[in-house]
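# Coordinate inspection notes
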Amino acid sequence: MSDSPPTMYAVVSGDRLKMLMERTGTGESITVRELAAAAGVATGTIGGLMSGTQLSVPEDKAKKIAARLGVDLLVLFIPMERAGRTLVPAQPAQQVVI
C-alpha cells in the first residue's frame, strides 16, 4: 500500500488573496497572522502566497484558507498534479470572456 502525496493547490494570484483578506465573506478584514492560525500554517506561508515566493499548499491547507476567507476553494486556488518533477494544472485553464 503506497501513500500518494497530497494534491497541491496553487494560488490563483497573490493580489486576489490580498483582496480577499481585506474583505472576507463576513465583510471584515483578516491579518496574515490570523489567517495563518486559522489554516494551521506559518505566517511565512501566507506571506509567500501573497508575494509569489510560495506558489502552492496541500489541499487541506488550501481548503482551510478558502473557508476562513469565506470563498469557494476554486475562487482562490487551482488544483495541481505531478508531471514528472513539475506541478501542472490538473485541467487546462479556461479563458473567461467578459
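Presented here is a report on the structure given in the accompanying data block. (Residues numbered from 1 in each chain as written. Predicted model: local features only at pLDDT ≥ 70, side-chain atom pairs only at ≥ 80, totals over all residues. Heavy atoms only, no water.)

With that settled, the discussion passes to helix H4 (residues 59-69). Here H4 has its buried residues at Ala62, Ile65, Ala66 and Leu69. Projected onto a plane normal to the axis of H4, the buried residues spread over an arc of 95 degrees and lie on a single side. Downstream of H4 by one or two residues, Gly70 has phi in the positive range, about 80 degrees. (Buried < 20%, exposed > 50% of the residue type's maximum accessible area, 1.4 Å probe, protein only. Helix = DSSP H or I, 4+ residues; strand = E, 2+ residues; numbered from the N terminus. Arc of directions from axis to C-beta.)

This part covers helix H3 (residues 43-51). Regarding H3, the residues found buried are Thr45, Ile46, Gly48, Leu49 and Met50. For H3, the secondary structure elements touched by its buried residues are strand S1 (8-11), helix H1 (14-22), helix H2 (32-39), strand S2 (56-58) and H4. One or two steps after H3, the chain reaches Gly52, where phi turns positive at roughly 95 degrees. (Contact = heavy atoms within 4.5 Å.)

The subject of this paragraph is the pattern of salt bridges. Evaluation of the coordinates by the stated rule reveals 2 salt bridges. Across the pair Lys18 and Asp15 runs a salt bridge, and its minimum N-O distance is 4.0 Å. Of this pair, Lys18 and Asp15 both sit in helix H1, 3 residues apart, which is roughly one turn of that helix. Under the relative-accessibility criterion, Lys18 is labelled partly exposed at 35%. Residue Asp15 is classed as exposed on the basis of its relative accessible area, which comes to 58%. A salt bridge links Glu59 to Lys63, with the shortest nitrogen-to-oxygen separation between them at 3.3 Å. Within this pair, Glu59 and its partner Lys63 are both found in helix H4, separated by 4 residues, close to a single helical turn. You can call Lys63 partly exposed: its relative accessible area is 44%. (Salt bridge = Lys/Arg side-chain N within 4 Å of Asp/Glu carboxyl O.)

To continue, consider the packing of H2 against H3. For the pair H2 and H3, the least separation of the axes is 8 Å and the interaxial angle reads 115 degrees. Put simply, H2 runs roughly perpendicular to H3. Crossing hand, H2 versus H3: right-handed. Contact residues: H2 offers Val32, Arg33, Leu35 and Ala36, while H3 offers Thr43, Ile46, Gly47 and Met50. Partitioned by chemical class, the residues of the contact of H2 with H3 number 5 nonpolar, 2 polar and 1 charged. (Axes fitted to C-alpha atoms, helices over the stretch in contact; angles between N-to-C directions. Parallel < 35°, antiparallel > 145°, perpendicular 65-115°, else oblique. Left-handed = near helix turned anticlockwise from the far one by under 90°. Nonpolar A, V, L, I, M, F, W, Y, C, P; charged D, E, K, R; others polar.)

Moving on, we get to the nonpolar core. In terms of nonpolar packing, the biggest core is built from 21 residues, with Leu17, Ile65, Leu69 and Phe77 touching the most fellow members. Looking at this core, the elements that each hand over two or more residues are S1, H1, H2, H3, H4 and helix H5 (73-76). Of the residues forming this core, the biggest block, 4 residues, is contributed by H4. If near-sequence neighbours (up to four positions away) are discounted, Leu69 is found in contact with Leu17, Leu20, Met21, Thr24, Gly25, Ile30, Leu35 and Leu76. (Core = buried A, V, L, I, M, F, W, Y, C linked by side-chain atoms within 4.5 Å.)

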